[in-house]
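# Architecture and fold: a report
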Amino acid sequence: MPDLKLLADVPTADEREAIDVVVGGEAAGDGRVTRSDRTRRHLLLPALRAAQRRVGWVTPGALGYASRRLEIPPAEAYGVATFYALIALEERPADVLHVCTDLCCALAGATVPDGAQPSPCLGLCERAPASLRTVAGPEPREEQIPATGPPLPQTSGLKLLRRIAEGVDPESQPEFVALARARELGPDAVIAAVKASPLLGRGGAAFPTGRKWEAVASQPATPHYLVCNADESEPGTFKDRVIMEQDPFALVESMAIAMYATGCEKGFIYIRAEYPLAQKRIQHAIDASGFDIELRIGAGAYVCGEETALFQSIEGFRGEPRNKPPFPVEVGLFGKPTVVNNVETLVNVPHILLGDDARDTRLFCLSGNVGRPGLYEVELGTPLRDLLELAEAEPAKAVLLGGAAGSFLRPDQLDLELSFDAAREAGVTLGSGVVIVFGENADLVSAVLRIAEFFRDESCGQCVPCRVGTVRQEEALHRLASGRTNGNELAVLADLEQVMRDASICGLGQTAASAVTSAMKNLGVLA
Amino acid sequence: MIELTVDGQAVQVEEGSTILDACRRVEIDTPTLCYGDTLTPVNVCRVCVVELEGARTLVPSCSRKAEDGMVVRTDSERVRTSRRLVLELLGSSVNLSTAPEALAYIEQYDAEPDRFGADSLTVAQAVKVDNDLYVRDYSKCILCYKCVEACGVDHQNTFAIAVAGRGFGAHISTELDVPLPESACVYCGNCIAVCPTGALMATSEFELREAGTWKEEEQEEVDTVCPYCGVGCNLTMHVQEGQIVKVTSPDDHDVTLGNLCIKGRFGYRYVQNK
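Quick caveat: nothing in here was measured; it's all calculated off a predicted structure.

## Here we look at the overall build of chain A
When its secondary structure is counted, chain A shows 21 helices and 13 strands. Against the 2.2 N^0.38 benchmark of 24 Å for 527 residues, chain A shows a C-alpha radius of gyration of 23 Å, consistent with a compact globule. Each of the three principal axes of chain A carries a C-alpha extent, and together these read 75 × 65 × 40 Å. When the 527 residues of chain A are sorted by exposure, 57% land in the buried category. Once local pairs closer than 6 in sequence are excluded, the contacts in chain A between residues at least 24 apart make up 72%.

## Description of the overall build of chain B
Along its length, chain B carries eight helices and 12 strands. Taken over C-alpha atoms, the radius of gyration comes to 20 Å for chain B, in line with the 19 Å a tight globule of 274 residues would show. Oriented by its inertia axes, the alpha-carbon framework of chain B measures out at about 65 × 50 × 40 Å. In chain B, which comprises 274 residues, the proportion classed as buried is 49%. By sequence separation, contacts in chain B at least 24 residues apart represent 56% of the contacts at least 6 residues apart.

## A look at the sheet that holds strand S6 (residues 264-271) of chain A
Residue and element names in this part refer to chain A. One open sheet accounts for four strands, arranged S7-S6-S5-S8; its pairing is parallel. The strands lining the two open edges of the sheet, one partner per strand, are strand S7 (293-297) and strand S8 (338-342). Direction aside, neighbouring strands of the sheet carry axes that sit 20° apart on average. Here helix H12 (residues 276-289) sits on the sheet and contacts S6 and S7; the angle it forms with S7, its principal contact strand, is near 165°.

## Looking at unusual backbone geometry
Peptide bonds are trans in most cases, and residues, glycine excluded, mostly fall at negative phi. Omega for the peptide link from alanine 128 of chain A to proline 129 of chain A comes to 0°, which places this bond in the cis form. Of note, proline 129 of chain A is situated in the loop between strand S2 (117-119) and strand S3 (131-135). That bond from isoleucine 145 of chain A to proline 146 of chain A is cis: its omega, -5°, falls within 30 degrees of zero. Along the chain, proline 146 of chain A turns up in the loop between strand S4 (141-145) and helix H6 (162-165). For tyrosine 145 of chain B, which is not glycine, the phi torsion reads 75° and is therefore positive. Residue tyrosine 145 of chain B is classed as buried on the basis of its C-beta count, with 25 C-beta atoms lying within 10 Å.

## Structural notes on the sheet that holds strand S2 (residues 9-13) of chain B
Residues and elements named next belong to chain B. Spatially, five strands are ordered S2-S1-S5-S3-S4 in an open sheet, and the strand pairing comes out mixed. Two strands bound the open sheet, and with one partner strand each, they are S2 and strand S4 (59-60). Sheet analysis places strand S3 (residues 49-52) next to S4, joined by two bridges and oriented antiparallel. When the sheet's bridge partners are listed, valine 49 is paired in S4 with proline 60. Contacting S3 and strand S5 (71-73), helix H2 (residues 77-93) runs over the sheet at an angle of about 155° to S3.

## Quick notes on the packing of helix H11 (residues 248-262) of chain A against helix H14 (residues 343-354) of chain A
Residue and element names in this part refer to chain A. Taken N-terminus to C-terminus, the directions of H11 and H14 make an angle of 80°; their axes are 8 Å apart at the nearest point. Judged by the angle between their axes, H11 and H14 are roughly perpendicular. Between H11 and H14, the contacting residues are Ala250, Leu251, Glu253, Ser254, Met255, Ile257 and Ala258 on the first element and Val343, Leu346, Val347, Val349 and Pro350 on the second.

## Observations concerning the domain arrangement of chain A
Interface size is often expressed as the accessible area that is lost when the parts come together. According to the domain assignment, chain A consists of domain 1 (13-81), domain 2 (95-145), domain 3 (162-354), domain 4 (363-437) and domain 5 (444-523). Spacing between the C-alpha centres of domain 1 of chain A and domain 4 of chain A amounts to 45 Å.

## A word on the interface of chain B and chain A
At the junction of the two partners, chain B supplies 40 residues and chain A supplies 38 residues. Tallying contributions element by element places H2 of chain B first for the side of chain B that touches chain A, with eight residues. Grouping the constituent residues of the side of chain B that touches chain A by class yields 21 nonpolar, 14 polar and five charged.

The rules behind the values
- Residue numbering note: each chain is counted from 1, following its sequence as written.
- The naming scheme follows written order: chains are lettered A onward, ligands numbered 1 onward.
- Confidence filtering applies because this is a predicted model: local features only for residues at pLDDT of at least 70, side-chain atom pairs given and counted only at 80 or more, and all residues used for totals across whole chains, interfaces and linings.
- Numbering of helices and strands runs from the N terminus; a helix is a DSSP stretch of H or I covering at least four residues, while a strand is a stretch of E covering at least two.
- For the radius of gyration, the atoms used are the C-alpha atoms, and the globule rule reads 2.2 Å times the number of residues raised to 0.38.
- Put simply, a residue is buried when 20 or more other C-beta atoms lie within 10 Å of its own C-beta and exposed when 12 or fewer do; between those, it is partly exposed, and each C-beta is set from the backbone.
- Remark: residues whose backbone-derived C-beta atoms lie within 7 Å of one another are considered to be in contact.
- DSSP calls a pair of strands paired once it identifies at least 2 bridges connecting them.
- Every axis in this analysis is a line fitted to C-alpha atoms, fitted for helices over the stretch in contact. Angles between the N-to-C directions lie between 0 and 180 degrees.
- With respect to orientation, any angle under 35 degrees is reported as roughly parallel, any angle over 145 as roughly antiparallel, any angle of 65 to 115 as roughly perpendicular, and every other angle as oblique.
- Those domain boundaries reflect an automatic or database domain assignment.
- Amino acids outside the nonpolar list (Ala, Val, Leu, Ile, Met, Phe, Trp, Tyr, Cys, Pro) and the charged list (Asp, Glu, Lys, Arg) are all regarded as polar, and Gly is one of them.

Shown next, in the form of structure tokens:
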């Protein structure tokens, strides 16, 4: 191979076979990389994942083989592999238990047994405490523990969750009525209908979906891509998982509509590694429907939920967010115009086209000290207090709205209307629909420290404000919590909040102090 | 031409210019650390941020393209605060003792890297000395990505190093952290040429500094042309007490853009053989 110095380590036959499934078999001959191998860097993460699922970790031999087959400099492949928390570069047992120690599971008393790995939120908050077991071998598998959660708490008044409440079979393909309707209307009319609807993105940024679609549809550069962002990793969020696990055909149909309307040649769905059942069900729905959609699986990196980091991850690079502009509608996946939508956003579209339910509803993930945790669907504008009553929440000393990147509310702020406008006016965010209830006995100091730890762990490390700021934030909070203060922590934290919000590259750093600051200002925690 | 306003002054720049270009056009002092004249901007250090009217956050001037009608402020309290904090965060975590530019900015922005306390986590670690030609002291690394860019597609296309790890643990590494002689490194030293903090340093300079005999202010710079091949790279010999102690090439030399090969950068000892 020209110009690349490779690792001397060789893969085992098992590793070679596992990687070959992803990258294709090696032609007999001198082992040289052929021309067609050269643009396949995007297969790096799938190849590393395959090797690890086979033998339990990524050995130097497997790393070297993946580098050679994909013609990636080994130093870069190593840089990618070390980026992801779920890729192990040191030998470990084939059977690993990842125990969630995040906010909801901590409230439920999670403890990490010897030999287990602590994990950030696994998105199983309605069945906390939860864990994920990964078993490598000839027949690798991943298990969510507990395997099932409580049924949907609501049975009526639902739109996005109606089919699930009615007990739809997730493995049986329904008639794609909305897609047929889209084809009758034609792409322009579909976009017009979405634009005329009140639909705003549900991933956290609340951008008007129709405008995004129109922007991509009008781009002269081709091909266009659709990316469904299912890297749902905001602590306390599990809404997209429930949809993917229980009504996967609704999502693939919605993706097909989006692709049709915006002229996308191909769609990708990026699901976090921690969601094995969602991956299985979505893959089944893709195979059954025959749409040109490819499933990509993450490897443990919250930041990859940031849309441009997600592109980098699919393309085989470290999941480091890109600077914007240019925006994905112009320069997105593989540098092409890209529609990137959240799962919940997309599954709204069939209802818009069919006109079967004009209510603008929103999914909320209720967890923590509530009697009936789970996924709720209410109309935008519903008071938070009503939602808490539905979930039989305990009397709360605080509610975390929007996740680790959101804000803590006081008991007297719970009449907040759950709408984008009301949230903005109150200086909070609905984010990804997280509502975590902290009851009278909850330990808010621990929660604040856990959030600070989360951001320090999940910072990609690219920009200074976030890479060092999240560390200094955590240090200052620990000093306050332990009473060993330097006397200037409050000023330091205020400065860190400002520099991270103002000067970080992406939303992770920009919101890394949000919940912490709200806990201090709003609740007086550590203040 | 594009016309924008920077700190109240109208500035005209060519299409494709950045806000930083516009600032420099009107001699507005703008700090930069990860920016390099000959490298693709990565905008990671965030010390060059400016306030752009209509933008929610500050924007990196080194990579943000200038647009007609932009209104930019570089002298606001908001800009100063972010720049000061970036310098404090770097100064509190990295050894900047051989980074004169960063030290000057720290003074200029009244940054106090010590304010986070003595227990602050740093990137302190042992110096990597694994070859005869240059050392890597990553306790001085601000992770500006310049060496990775110089080793990669921007200059050398050798790809011996990359950023590995994540968050505060992100660092520059060879594959599996193997020593340089086992890596793809070709010892061109172009990473040393772009390093803004002295984390990468020719062994000749490193040893003199260790011995306390590095006297930069007394050194003479002598320009010549590399004698090895027909390319004709300009060399700047840094001479101290009659001895060559370092070789560089000017960034603005249109043949090298500051780059050399192993022979040009390190193959000078024969000159001094007597």
